[in-house]
Structures are given as structure tokens and as C-alpha cells.
Amino acid sequence: MGRIIIAVFLFFSITAGFVYGSTPVSIEAENINKTPSGKVIAEGNVVVKYKGSVLQADRIIYDRNQKIIYLEGNISLKTENMDIRGKKGWINEDGDRGEFFDVEGVVEKKYYIKARKVRLEKDRYLFYDGEFSTCSFDQYDWFVKTKKGVLIKNDRVDFYNVSFKFCGLPVFYSPFFSYPASGRKTGFLFPEIGSDSYSDFKYRQPFFLVLTRHSDMTFTYDYRDRQGMGLDVEYRNRLSSDSYYTGNFTVFNERTAGKWWEGRNYPPLRNRWRISGKADAHYSDFDLSFVYDIPSDPYFFEDIYNATRLRYKAYTKTQLIGTADRKYFTFEINFDYLYDLTKNSNEETLQRLPEVRFYIKKLKPFEGLSFYTDFLSVNTYFYREKGTSGIRSDNTVNLELYTNYRKVSNLLKVSPRSTWYFLTSGYTGDKTPTRNILSVEDRIRYTLLRRYEGFYHSVIPQVSFKHVSKVNQEDLPFFDREDRIKSAKDVELSLFNILNFENNNFLSWEISTGYTLNGIYYLGNNELKGYYKPLKNRFYFGIGGFSGENTLYYDFSFNQIARSITTFSIPVFSWFRYSVSHSFDKGLFLNSTSINQINQTYSLSYKNLSLSVSVLSNLKYGYVQRKTAVFSLNRKCWQLRVNYKEDYNRVTQQTFRSIYVYINILRADIKLPFVSRTL
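Worth saying up front: this structure is predicted, and the values here are computed from it rather than measured. (Residues numbered from 1 in each chain as written. Predicted model: local features only at pLDDT ≥ 70, side-chain atom pairs only at ≥ 80, totals over all residues. Heavy atoms only, no water.)

## Re the overall build of the protein chain
Helix and strand content of the protein chain: one helix and 43 strands. Compactness check: the protein chain gives a C-alpha radius of gyration of 35 Å against a globular reference of 26 Å for 679 residues, more than 25% above the reference. In terms of overall dimensions, the protein chain has a C-alpha envelope of 110 × 75 × 50 Å along the principal axes. Per-residue burial for the protein chain yields a buried fraction of 41% across its 679 residues. Pairs at least 24 residues apart make up 42% of the contacts formed inside the protein chain by residues separated by at least 6 positions. (Helix = DSSP H or I, 4+ residues; strand = E, 2+ residues; numbered from the N terminus. Rg over C-alpha atoms; globule rule 2.2 N^0.38 Å. Buried < 20%, exposed > 50% of the residue type's maximum accessible area, 1.4 Å probe, protein only. Contact = heavy atoms within 4.5 Å.)

Have a look at this one:
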């Protein structure tokens, strides 16, 4: 028998909007009849289509009086929120109520369900004698088997008489279990388990607490068999769409003074703590930012965060910044307090309390002339308990003139700078010294651009002149490097070659050198005597998955390479990448330290497995400084991650090791940042 295809206007609603009002519906079936009572009966491979949604069954009956659609035999229902199959079922016109039997499928696009019966009640799915999982059926690694389950949209899933199975093995049984079906739900998060050189066993258990729509907290219990135990409390509040506050308090009680206190010129502590947080507030053209971080002792980060990068932290900062950004100027006030973690005392640490910046934005006073001017005034009160304290007012005017002639461009920049000091304590010389410096820079550049098939080639020769007046600065106090401005009478020659390909590949090469009339030149902050500046050779590229960069300085006075920094990344195979970075400094310059170290990283990725191994070697002294390895298994519906770290300290001749295992089976990650507050 041939199939009958009818496009009709039905005045009823099928689930998820199959029909709304007089919206047309396509019905395909081997036989379609209408009974005297008004029922529409379609039989034989029935397919009903509406706006991308599809109903399929061996037989479909529409009861206009009851406003219910009955589906019988090999039913299939595909809507925006459901993709299920079963033996039979029914659904009302509005699509918010229904019942299906012997069901297998997906609801809300991510929850996989097998059940003897599923009932739909508006925003709830009730399933009986079934299984629930976030694992797709082709990798059904875990599931919850339950007598009854209730899925509430964007809220939670409640299970009754539960058995949880992982990789075919029963893990636990419970009369009740609740699983979050939203990004923010109060409950326990998955723990972190590990071991390191401080403790043989470490266990961290977080608990997430939803307070309001725009605020929540996390409590993390921290247990370590040798060190002790502690608690970390973090509070988060989204004050508005662009303002927030996060506060953190950590307390840790040590069992006893462990071996980590050995060799320290600091008394062992039993109760250790840290208070930290940050906040941002915005109103119109005014921004306010506040950051604070206060530990109980300078070794807190090294001991408590020993398995993270925070163990290498050298200082913490408490800072309050207020900024008003107007059309023609910017005003900023900054209170900046540093806590030096490398010293037992903070008495000599330099503080900025406060620093006031006033900036007149770049203006173009004359139409038709590429002449610009701006002004910056930085006024700082430097304070330290022991040492020189005082006020410095640093003021700079910038005058810039741009000119172009065909392919030649020129930039002339003149910057007069005046600095005044008012010293309050700790200084025996002049209490109100001043400094006036004039800087003149000129840059001439010629740009040649040619297009070839598949790429562009740019050649840019450049000549730069720089003059910074020499003044006596030895009688000035020293707060930071702005108190010692380097004089200059330099000429620099540079050549740039750049290749840009149409497939976003590129290759850039720069070579430059120079001559100084002062007989002193600088490489960064390092000073060396001579007239010929080092030759700089730099290239970087990204071609076909390969990438790399090298910056090299060759010193003519010593006739050798003074400094070199190199990185390369090579896709050996589609599943294996090798990366290497090498840092070299000969230590030729005043106050510089010789460096020779190499870091190699091996990254493997195959399907849902990944492994990254890094080794940092000190070539100068011939030892391995650091080893790290990260293994990850991502099965979409669950994840396993193992981190290993080994760090050798040459000064103390001690090795720190740590290994942590993190497994997230239910993938109940909390989504942050949370929703914004509606004002």
C-alpha cells in the first residue's frame, strides 16, 4: 500500500509546539481516517513533523475532545528538549504532560534515561524502575539505578532506593540521593586526594553553599596526616553586572613543628592563617578596585600551598585603586602595601601610600598637522618603617610629530621631564632635591610592501636617534628605577623582514645594532662600557603547526653571545608535540647572573587521553631542577586527573615531591561566575 502524505491545518497543539493555532503539520502514514466521534487515526509508519520536531509511531490517535495524542508501537519523540523511544505513550496538546512506557532516550539534551515508565508533568520528569546518567549510551560508564527518580528542570534530580554503578561495579547504595541539575546547587563537591613531601596522605573536601541568586560560599576541609588540618572559606557576591566581591579566609592548625621549619630564622607556628579577597565596583566613568592578601607568616604559601605555584610566591599585595576616566583626562589614586615573603621582617619594604596619577590624554591641537601632546604627573608618597621615606612628584610632557612622504615615515618625540622630592625621614642629604631631564627621539622608517602569490613580503629598514640629557642623580634618594634615568646618545639601525601568508602562517626576522657616544650602553637594566651596542637578532614564526622564537644578543666587546632566549614547538605527530625553551645569559653585564637552563615538554593526546611531561634542567650546574607530569582521562561524563611534581632546591639540597589524584564522576562542576544580580 502506498504512503499518504497530507499537509493539514490542525487546530490543536502537539508537544513542544508541533502545532500552534493554525500552524500547518505534515502527516505521513499508510492510512489516515477520521471517526464519527472526531478522532483522527493514522496507521502504518506514521510520521508527524512540525518545526523540526518529529513524532513517529506505528499508530497515532488524536482525541480532540480529551486534547490528547496517543502513540502506539515503536514510538519516537524528538523535540527541543526530548529525544526518546518507547513502546507506547500519550501526550497532551500543550506538550507539558504525558506518559511513556519502556523508554530509552535523552531529556534536556544531556540526561540519559532508561525506565519502565516516564511521566512528564510540566517542568518535571518522573521515571520509575530506571537508570539515569550523563554518560551517552555508547560509553555508558556510570549510571544511577533507582526505583523512582524526579528530574526538576534547572534544579535537581532526586533518586529513591538508589544503587550507583561505575564501570559495571556497584559503588554505593542509598535510600535517597540528590544530584544537581543546574550550575549552582548546594552540596558536596568532589574531593582531592594526594601525597607530598610534607604529608603521606592529604584530603581536601569542598562543600558548596548557595546563598542567593548572586552570592554563594565554598567551605573546604583540609586534612594532612603529618601537618595537621585546616579550613578554607570563600565567599563570592556579584554586586551588579560589572561589580563583584570575593573574600577568602584560611586557617590551619599544625600538629607539631615539622621538618619544614628546620633551618629557618623564624619561630615555628601552630596556628597559621591567611585573609585575602578582591572587589571591583564600577559607576559611570569611575572604577574602584580593592585587593588584599595578608598571611600569618612569610612561609605560609610555601607550606600550605606547597603543591601549587603559590609556593613560589615572593610577596603579597594589598591595594586600593580608584580611577576616574573622563574624555580629556584620567585621574587615579593608588594605595599599595607590599608584604615581602622573602624576609622575616617587613620593616624595610617600600610602600606607596598613596600614589596619585593625573594624565591629560593625547591631544591634536592643530588640524591638518600630525602633532600630538600629552602630560603625565605621578605623585607618590614612599614609606618604609626603616629607611628613606618621602614624596616624589614626577612630571612629563610628551610632544610628538608624525610626518610621511610616500613610503618614508618619521616620528619625532620630545619629552621634558621634571622631578621634585620632599623627603620626610631617613635621608641625610638635601631634603628637597630636583631633577630636570630632556629626552629627544627620532625614528625614520621606510616601508616596502610586495604581494606575491599566496603571501605578502614587507621589508622595513629603520634608523633611530635617541638623546637623554645626562644629569647628576647620585645625590637623589633611590626608591625605584625611575630615580636613575639612563642618559643616552645613541644611534640604532634596524632591518625588519616580515612574511604574511594567506593561511595565517607568518615569519618575522629582525636584526639591529647601534652606536653610543656616551661610551656606556644598556641591555635591559644591565650596564656595560663600550661604543658598539650588541647585535640583536630576533625571529619568530608560526607555520603549519610549527612555532618558534629566538632572541639573541652578540656583544662585540667580548666577541661572543651575551644572551639568548629560544622557544620551539614541534608537532611530531598528530597526537604528539615536543616543545623546548632555552634561556642563556653569559653574565657579562654588571649585576647580572649567568644562566643556562632548558625546559622540555612532551605532550601526548589520543582520543580522550592526554599526558604532559616537563623537565627543567639547569645546564650550568648540571642538575634537574623540576619535573612535572599531568595525566588526564576525559570520558565526557566523568574525568580523571593525576598531577605529579618534583622540585629540587640547590641551596637547601632538598627535593619536594607531590602527587594528587582528582576524579569527578558525576561532573557536577559549579559554574562560575554565577548569574548577575538584576538591579
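## Regarding the pairing of strand E9 (residues 111-121)
In this sheet, E9 lies alongside strand E8 (residues 97-107) in antiparallel orientation, the contact comprising ten bridges. From the neighbouring strand, Gly105 faces E9, where its bridge partner is Ile113. Joining the antiparallel neighbours E8 and E9 is a turn of three residues, in which Glu108 adopts a positive phi near 55°. Count of turn residues in the E9/strand E10 (residues 124-133) antiparallel hairpin: two residues, of which Lys122 carries a positive phi of about 55°. (Pairing = 2+ DSSP bridges.)

## Some details on the environment of Met229
Looking at the element boundaries, Met229 is found in strand E18 (residues 228-240). For the pair formed by Met229 and Asn253, sequence separation is 24 residues and the distance between their alpha carbons is 5.6 Å. Contacts of Met229, omitting those with residues within four sequence positions, involve Tyr221, Asp222, Tyr223, Phe252, Asn253 and Arg255.

## What about the pattern of salt bridges?
Applying the stated criterion across every chain, the model contains 50 salt bridges. In this structure, Glu104 and Arg85 form a salt bridge, with 3.8 Å as the shortest nitrogen-oxygen distance. Here Glu104 is found in strand E8, whereas its partner Arg85 is found in strand E7 (residues 82-92), with 19 residues between them in sequence. Take Arg85: its relative accessible area is 36%, and that puts it in the partly exposed class. (Salt bridge = Lys/Arg side-chain N within 4 Å of Asp/Glu carboxyl O.)

## Digging into the state of the cysteines
Counting across every chain of the model gives one disulfide. No disulfide involves Cys167; its nearest neighbouring cysteine sulfur is the one of Cys135, lying 8.6 Å away. Relative accessible area serves as the criterion here: at 47%, Cys167 is assigned to the partly exposed category. (Disulfide = S-S within 2.5 Å.)

## A look at the confidence of the model for the protein chain
This prediction gives the protein chain a mean pLDDT of 88; 93% of its residues lie at or above 70. Low pLDDT, under 50, characterises residues 5-23; the predicted model gives this stretch 63 contacts beyond four residues in sequence or across chains. Confidence over residues 668-679 falls short of pLDDT 50; this stretch has 37 contacts with residues more than four positions distant or in other chains. (pLDDT = per-residue confidence, 0-100.)

## Things to note about the side chain of Asp555
Structurally, the position occupied by Asp555 is in strand E36 (residues 546-555). Of the side chains with opposite charge, Arg563 comes closest to the buried, unpaired Asp555, at an N-O distance of 10 Å. Among the polar contacts listed, one links the side chain of Asp555 to the backbone nitrogen of Ser557, at a separation of 3.0 Å. (Lys, Arg positive; Asp, Glu negative; His and termini not counted. Polar contact = N/O pair within 3.5 Å; in protein donor to acceptor, adjacent residues only side chain to side chain.)

## Observations regarding the side chain of Asp483
For Asp483, the position within the fold is in the loop between strand E30 (455-468) and strand E31 (488-501). A polar atom in the side chain of Asp483 sits 2.9 Å from the side chain of Arg392.

## Topic: a nonpolar patch on the surface
On the surface, a nonpolar cluster with roughly 1,200 Å² of combined accessible area is contributed by Tyr405, Val408, Ile444, Tyr446, Phe465, Val491, Leu493, Tyr515, Leu517, Tyr531, Tyr532 and Phe556. Of all the secondary structure elements, the ones that give two or more residues to the nonpolar patch are strand E28 (434-446) and E31. With respect to the helices and strands, Tyr515 occurs in strand E32 (residues 506-516). (Patch = residues over 30% accessible without salt bridge, like charges linked within 9 Å, V, L, I, M, F, W, Y side chains within 5 Å. Areas by Shrake-Rupley, 256 points an atom, 1.4 Å probe, with all protein chains shown as cover.)

## A short note on the packing of aromatic side chains
Under the defined criterion, the tally for this structure stands at 41 aromatic pairs. On the basis of an interplanar angle of 10° and a centroid distance of 5.2 Å, the ring pair of Tyr140 and Phe143 is categorised as stacked. Three or more aromatic residues joined by ring pairs form one cluster here, namely Tyr111, Phe127, Phe132, Trp142, Phe159, Phe164, Phe172 and Phe177. Over the ring of Tyr312 we find Arg626, and its NZ or CZ is 5.0 Å from the ring centre. When the ring centre of Tyr621 is taken as origin, the NZ or CZ atom of Arg650, which lies over that ring, is 3.7 Å away. (Phe/Tyr/Trp six-rings, centres within 6.5 Å; stacked < 30°, edge-to-face > 60°. Lys NZ or Arg CZ within 6 Å of the ring centre and 35° of its normal.)

## Side note on the pairing of strand E40 (residues 609-618)
Examined bridge by bridge, strand E39 (residues 595-606) and E40 share ten bridges and lie antiparallel to one another. Opposite Ile598, over in E40, you have Ser617 as the bridge partner. Between E39 and E40, which follow one another and run antiparallel, lie two residues, and Lys607 among them has a positive phi close to 55°. Sheet topology places E40 next to strand E41 (residues 623-634); ten bridges connect them, and they run antiparallel. Counted as the bridge partner of Leu611 is Phe631 from E41.

## A few points about unusual backbone geometry
Leu353 connects to Pro354 through a cis peptide bond whose omega is -5°. If you trace the backbone, Pro354 turns up in strand E24 (residues 351-363).

## Structural notes on the environment of Val459
If you trace the backbone, Val459 turns up in strand E30. Taking C-alpha positions, Val459 is 6.6 Å from Ile498, a pair spaced 39 residues apart along the chain. In this structure, Val459 is in contact with Tyr446, Thr447, Leu448, Leu495, Phe496 and Asn497, ignoring residues within four places of it in sequence.

## Some details on the environment of Tyr337
Structurally, Tyr337 can be placed in strand E23 (residues 329-340). Residue classification places Tyr337 among the partly exposed positions, given a relative accessible area of 34%. Between the C-alpha atom of Tyr337 and that of Ile565, which follows or precedes it by 228 residues, the distance is 33 Å. If we ignore the near neighbours within four places in the chain, the residues touching Tyr337 are Thr316, Lys317, Thr318, Asn346 and Gln351.

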